[in-house]
Amino acid sequence: MPSSKLKIKLFFPFLLLFIMACGFSSATPEATAIPADTSVPLPTATPAPSSLTVCLGQEPNTLYPFGGPNTAARSVLAAINDGPIDMVGYEYQPVILSQLPSIENGDAEIVTTSVQPGSPAMDADGNIVLLEVGKKFRPAGCRSDDCVVTYEGKGDAFAMDQMIVTFRLREGVTWADGTPMTSDDSVYAFDLSRDARSISNTYLIDRTYTYEATDPLTVQWWSMPGFIDPTYFTNFWTPAPKHLWGEFLANQLPEIDIASRTPIGWGPYMVQEWIAGDHITMTKNPYYFAAAEGYPKFDTLSFRFISDPDAALSEMVAGRCDILDPSIRLDNHASLLMEMQKGEQAQVFFTPGMTIEWLGLGTTPSTYDDGYDTIYQKDRPDIFSDPHTRQGIAYCLDRQSVVNNVLFGLTTVPSTYIPVEHPLYDSNIEALPFDVSTGISLLEQAGWKDTDGNPATPRQAVTVKNVVAGTPLQLNYYTTTATQRRQVVEILQKSLAECGIGLNVQYFSQNDLYAPGPDGALFGRRFDLIEYAMGVNSIEPPCDWFTSSEIPTTDNSWIGTNVTGYRNDEYDTACRAAQDSLPDEQTYIDSYRQTQVLFSAELPAIPLYYRLRVAATRPGICHFDLDPTANPLWNIEAIASGEACQN
C-alpha cells in the first residue's frame with residue numbers, strides 16, 4: 001500500500017452573483033438605518049467527478065478468479081481486489097494480511113508427524129503417493145537425497161516433516177457491500193479452486209493436507225507430510241465472497257454474472273457495468289480499507305478494449321486513454337513511443353519482463369524416446385549431444401545486435417534462466433558474447449569442420465559423435481510469423497552463417513507452433529532449433545523448467561516445459577534441493593547457484609533476450625509504476641493526475 005497520502009483538489013470557475021435591492025417611492029423618504037452587508041456568501045464549488053481510463057489490449061475473458069482469467073482480466077481484477085499479497089521488486093508484500101508468516105515470527109513451523117501406512121505423503125521424488133512398502137521417503141529431519149530411506153512397512157507409522165503456516169487477516173477489511181471479510185472466505189476460495197471446473201494449478205492443492213479457519217481472522221495451511229515449500233508464506237488463497245456466492249453450486253459460478261462479470265472485491269473499485277466488446281466502468285468502493293487515507297484517487301475507473309496498438313496510441317493522444325496497459329503489444333512501437341515521450345505526448349515505461357525469448361536446441365527429440373537408432377539411422381542425427389556444439393552455437397549468435405536493433409537497447413541478453421535483478425542471480429556467470437572465432441573453435445572441437453574451405457557453406461561432421469561423417473551443419477529453425485521474430489531470425493541467420501552454420505527457416509502460426517504433442521513442433525519435441533517464449537508469474541526461480549520430469553512425453557500427455565528433452569541428474573538433484581529448502585537456509589542459495597552454473601555450461605536452451613514489458617500514459621499521470629514482477633496496476637489506488645501529484 002503506498003505510504004504517500006495524495007489528495008486531489010479540483011477547482012472550477014464559478015459565477016459570483018451580487019444581489020442589489022433598490023426601492024422607489026413618491027413619499028418623502030424617511031431616515032433609515034444603514035443596512036448590514038447583504039452580499040450573498042460565496043457558493044462552494046462541487047468538484048466534478050474525476051475519471052481514469054485504462055486501455056487494454058483485449059477484453060477480459062472472465063473476472064471469475066478460478067476461471068483462468070487472461071492478462072487483461074488480471075489487470076481489471078487488480079482494481080477489484082487489492083492483493084492479498086503483492087509481488088513488487090522481486091519481493092512479496094502483504095496487503096490484507098497483518099504480516100507474512102515466517103519461521104522467525106513464529107507463524108510458520110516444521111513439525112514431526114506420524115504417517116500411517118496407506119496414507120498420502122510426498123515421496124523422495126516429490127510425488128504425492130501412499131505410504132507403502134518399497135517406496136522411498138524422507139524421514140523427519142531429512143532434507144536431502146543423502147538420507148532417503150525405503151519404507152519397509154511392518155505396520156509401523158513413519159515419522160515425516162510437515163509444515164504448519166498461519167495467515168492472519170488485517171482487521172477492518174470488508175467486501176464492497178460492507179460485509180466484513182473473514183477467514184472462511186479464504187477457505188471457501190480454497191474449496192472452489194479444487195472444483196473440477198476450476199482452472200487452477202493443482203500442484204499446491206495436491207500438496208495441501210488441510211486448509212482451515214482457526215478463528216474469524218486466522219487461517220492455517222498444513223502441508224502434506226514430506227512437503228517443504230520455500231514459498232510457504234504465499235500459500236494463502238485469495239478470498240471469495242462466500243456470503244454471495246455460497247448459494248450457488250461451484251460449477252455454476254463461472255457462468256453467472258455476480259462471479260464472472262460483476263464480482264465484488266475488497267479493493268479500491270467495484271464494477272458498475274460491463275458493455276461487451278467496448279468497456280468496463282467502475283466506481284469507488286466506499287468500504288475500501290484505505291479510503292480514509294484518500295484512496296483511490298479517481299472517482300471512476302474505465303477499462304476500454306483496444307487490440308490495435310496504433311489505434312490505442314491515437315486514442316491516448318486524443319485524451320481518451322490515460323494508460324495503455326502492457327496487454328497492448330507496444331514492443332514493436334518502441335521507436336515511436338520514445339519520439340512521443342521526447343515530444344511530451346506521452347510518458348513511456350519500458351522494463352525487461354519475466355518472460356525470456358528462448359532458442360531451444362533439440363538435444364533429445366521425441367523420436368529418441370524408444371532409443372537412439374545408430375544402426376539404421378532412422379532418427380535425426382544426434383547433432384547436439386556434445387556441449388561444445390551447443391556452446392559454439394551460442395557464441396555464434398549475435399544476441400546483442402538483436403537487443404540493439406530490434407529492441408532499441410531497452411532490454412538485455414540473459415546469462416542464465418534467472419533475471420539479473422533477482423536476489424538469487426549468480427553474478428559470477430556472464431552471458432556468452434558474440435565471438436565468431438571462439439564459436440568456430442568450439443565447433444571444431446566437437447568435430448564440425450570446414451571441409452571445402454568455403455565459409456559460405458555449412459560445416460560438415462567429420463568426427464562428431466553419433467553423427468555420420470559428411471552430415472552438414474544445416475539446421476531447421478522454427479518460430480512464429482510475428483514481425484519481431486522475423487527481424488530476430490534475419491540477424492541470427494547472418495551471424496550463424498559466419499560460423500558455418502546454415503538455417504532452414506520455417507514460420508508457423510502461434511497456434512501451430514504451440515500445438516500439443518506429439519504432433520506439435522514445440523511440445524512434440526520435433527525440431528532442431530526453435531524460438532519461443534516462456535515466462536513465470538512467480539518470483540521463485542523456475543529451475544524445474546529444465547528438469548527431467550518436465551520433458552513432454554506420452555507418459556505425461558505431452559505437458560511439460562523442458563521441450564528440448566535435456567537430462568542431467570546433477571541438475572535435477574540441485575533443483576530439487578533448492579525447492580526442498582527454505583529461503584533462509586544456505587542450501588537454498590547454494591543449490592540455485594549450482595543450477596545456474598550447470599545451465600550456463602550445458603545450455604539445453606539459449607536465452608536470447610528478456611521480452612520487453614511496455615506501457616504508456618498521458619503526460620500528467622503520476623504514480624504509475626511498471627514493475628517487472630508486479631501486476632501492471634498493482635497500485636491502481638495511488639495513480640493520480642494534476643495537483644494530486646504534488647502531494
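Conventions adopted
Residues numbered from 1 in each chain as written. Predicted model: local features only at pLDDT ≥ 70, side-chain atom pairs only at ≥ 80, totals over all residues. Heavy atoms only, no water. Pairing = 2+ DSSP bridges. Helix = DSSP H or I, 4+ residues; strand = E, 2+ residues; numbered from the N terminus. Axes fitted to C-alpha atoms, helices over the stretch in contact; angles between N-to-C directions. Contact = heavy atoms within 4.5 Å. Parallel < 35°, antiparallel > 145°, perpendicular 65-115°, else oblique. Buried < 20%, exposed > 50% of the residue type's maximum accessible area, 1.4 Å probe, protein only. Salt bridge = Lys/Arg side-chain N within 4 Å of Asp/Glu carboxyl O. 1 Å grid on protein atoms, 1.4 Å probe; cavity = no way out; pocket = protein on both sides within 12 Å on 5 of 7 lines; lining within 4 Å. Points joined across faces, edges and corners; volume = space filled by probe spheres on them. Nonpolar A, V, L, I, M, F, W, Y, C, P; charged D, E, K, R; others polar. Polar contact = N/O pair within 3.5 Å; in protein donor to acceptor, adjacent residues only side chain to side chain. Core = buried A, V, L, I, M, F, W, Y, C linked by side-chain atoms within 4.5 Å. Disulfide = S-S within 2.5 Å. Left-handed = near helix turned anticlockwise from the far one by under 90°.

Caption draft 1: Structural context of the sheet that holds strand 1 (residues 51-56). Strand order in the open sheet formed by ten strands is 12-13-14-1-15-22-16-21-19-20, and the pairing between neighbours is mixed. A strand with exactly one partner marks an edge of an open sheet, and here the two such strands are strand 12 (269-275) and strand 20 (502-508). As paired strands, strand 1 and strand 14 (residues 300-305) are joined by six bridges and run parallel to one another. Note that in strand 14 the partner of Leu52 across the bridge is Leu301.

Caption draft 2: Inspection of the sheet that holds strand 9 (residues 158-168) at higher detail. On the basis of which strands lie adjacent, the open sheet formed by four strands has the order 4-9-11-10 and antiparallel pairing. The sheet is open, and its two edges are formed by strand 4 (108-115) and strand 10 (208-215), each paired on a single side. Neighbour-to-neighbour, the strand axes of the sheet open up by a mean angle of 25°, direction not taken into account. Of the strand pairs in this sheet, strand 4 and strand 9 are connected by eight bridges, and their pairing is antiparallel. Considered in strand 9, the bridge of Val115 is made with Phe158. Its contacts with the sheet place helix 2 (residues 183-193) against strand 10 and strand 11 (218-223), and it is angled at close to 160° to strand 10.

Caption draft 3: Representation of the packing of helix 6 (residues 309-317) against helix 7 (residues 334-342) within the structure. Between helix 6 and helix 7, whose axes approach to 12 Å, the crossing angle comes to 5°. Between helix 6 and helix 7, the angle falls in the class roughly parallel. Contacts between helix 6 and helix 7 involve Leu313, Met316 and Val317 from the first element and Leu336, Leu337 and Met340 from the second.

Caption draft 4: Region of the structure containing helix 2. Here helix 2 lies mainly inside the structure; nine of its eleven residues are buried. Within the span of helix 2, buried status applies to Ser183, Asp185, Ser186, Val187, Tyr188, Ala189, Phe190, Leu192 and Ser193. Looking at the buried side of helix 2, the elements it contacts are helix 3 (202-206), strand 10, strand 11 and helix 4 (242-245).

Caption draft 5: Local environment of the pattern of salt bridges. Under the counting rule described, the total for this entry stands at 20 salt bridges. In this structure, Asp145 engages Arg576 in a salt bridge whose closest nitrogen and oxygen atoms are separated by 2.9 Å. One end of the pair, Asp145, is in the loop between strand 7 (136-137) and strand 8 (149-150); the other, Arg576, is in helix 13 (residues 569-579), with 431 residues separating them in the sequence. For Arg576, a relative accessible area of 21% corresponds to the partly exposed category. Close ionic contact of Glu315 with Arg304 constitutes a salt bridge, the shortest N to O distance being 2.8 Å. On the criterion of sequence distance, the pair formed by Glu315 in helix 6 and Arg304 in strand 14 is long-range, its members being eleven residues apart.

Caption draft 6: Quick look at unusual backbone geometry. Cis geometry marks the peptide bond from Gly83 to Pro84; its omega dihedral reads 10°. Within the secondary structure layout, Pro84 lies in the loop between helix 1 (71-80) and strand 2 (85-88). Residue Pro518 follows Gly517 across a cis peptide bond; omega there is 5°. Relative to the helices and strands, Pro518 resides in the loop between helix 12 (510-513) and strand 21 (529-535). Phi is positive for Tyr90, which is not a glycine, with a value near 60°. Position of Tyr90 relative to the elements: it lies in the loop between strand 2 and strand 3 (91-94).

Caption draft 7: Inspection of the layout of surface pockets at higher detail. In this structure, the second largest pocket encloses a volume near 270 Å³. Residue lining of the second largest pocket: 13 residues in total, with Tyr90, Tyr92, Phe233, Pro583 and Tyr588 positioned closest to the centre. Across the lining of the second largest pocket, the residue classes break down as nine nonpolar, two polar and two charged.

Caption draft 8: Main features of the environment of Trp245. For Trp245, the position within the fold is in helix 4. On the basis of relative accessibility, which here comes to 3%, the residue Trp245 falls in the buried class. Note: C-alpha distance between Trp245 and Thr174 (71 residues apart in sequence) is 16 Å. Side-chain polar atoms of Trp245 contact the backbone oxygen of Ile258, separated by 3.1 Å.

Caption draft 9: How the structure looks around the nonpolar core. Leu324, Trp448, Leu475 and Ile501 are the most contacted members of the largest nonpolar core, which has 51 residues in total. With six residues, strand 22 (residues 605-617) is the largest single contributor of residues to this core. Dropping the residues within four chain positions of it, Leu475 is found in contact with Ile383, Phe384, Ile393, Ile501, Gly502, Leu503, Asn504, Asp528 and Leu529. Core analysis: the second largest hydrophobic core is formed by 46 residues, Met163, Val187, Ile205 and Val219 among them.

Caption draft 10: Main features of the state of the cysteines. On inspection of all chains with the given rule, the structure shows five disulfides. Two residues share a disulfide in this structure: Cys55 and Cys321, whose sulfurs sit 1.9 Å from each other. On the sign convention where negative means left-handed, the S-S torsion of about -80° between Cys55 and Cys321 marks this disulfide as left-handed. Taken together, the residues Cys55 in strand 1 and Cys321 in the loop between helix 6 and strand 15 (323-324) connect sequence positions 266 residues apart. The burial state of Cys55 is the same as that of Cys321; both residues are buried. Covalent S-S linkage joins Cys396 and Cys499, the inter-sulfur distance amounting to 2.0 Å. Residues Cys396 and Cys499 are joined through a disulfide that is left-handed, its torsion about the S-S bond being -100°. Taken together, the residues span a long stretch of sequence, with Cys396 in the loop between helix 8 (387-395) and helix 9 (399-406) and Cys499 in the loop between helix 11 (483-497) and strand 20 at a distance of 103 residues. There is no split in this pair, since Cys396 and Cys499 are both buried. Once the bonded cysteines of the protein are numbered in order along the sequence, the disulfide links fall as 1-4, 2-3, 5-6, 7-8, 9-10.

Caption draft 11: Layout of the side chain of Thr62. Relative to the helices and strands, Thr62 is located in the loop between strand 1 and helix 1. Here the side chain of Thr62 touches Tyr64 through a polar contact of 3.0 Å, landing on its backbone nitrogen. Not counting residues within four places of it along the chain, the set of residues in contact with Thr62 comprises Gly67, Gly68, Pro69, Ala73 and Ser260.

Caption draft 12: Examining the pairing of strand 22 more closely. Of all 13 residues making up strand 22, 13 are buried, and the element is well covered by its neighbours. Two strands pair when backbone bridges link them, and strand 15 and strand 22 are joined in this way by two bridges, in the antiparallel orientation. Bridging across to strand 22, Leu324 finds its partner in Ala616. In terms of strand pairing, strand 16 (residues 347-361) meets strand 22 through eleven bridges, oriented antiparallel. What sits directly across from Thr351, in strand 22, is Arg613.

Caption draft 13: Seen up close, the packing of helix 13 against helix 14 (residues 586-602). Interhelical geometry of helix 13 versus helix 14 gives an angle of 150° and a closest axis separation of 8 Å. Classified by the interaxial angle, the pair formed by helix 13 and helix 14 is roughly antiparallel. Of the two possible hands of crossing, helix 13 and helix 14 adopt the one that is left-handed. Contact with helix 13, carried on its side by Glu570, Tyr571, Ala574, Cys575, Ala577, Ala578 and Gln579, involves Thr587, Tyr588, Ser591, Tyr592, Gln594, Thr595, Leu598 and Phe599 of helix 14 and no other residues of that element. In terms of residue class, the contact of helix 13 with helix 14 is made up of nine nonpolar, five polar and one charged.

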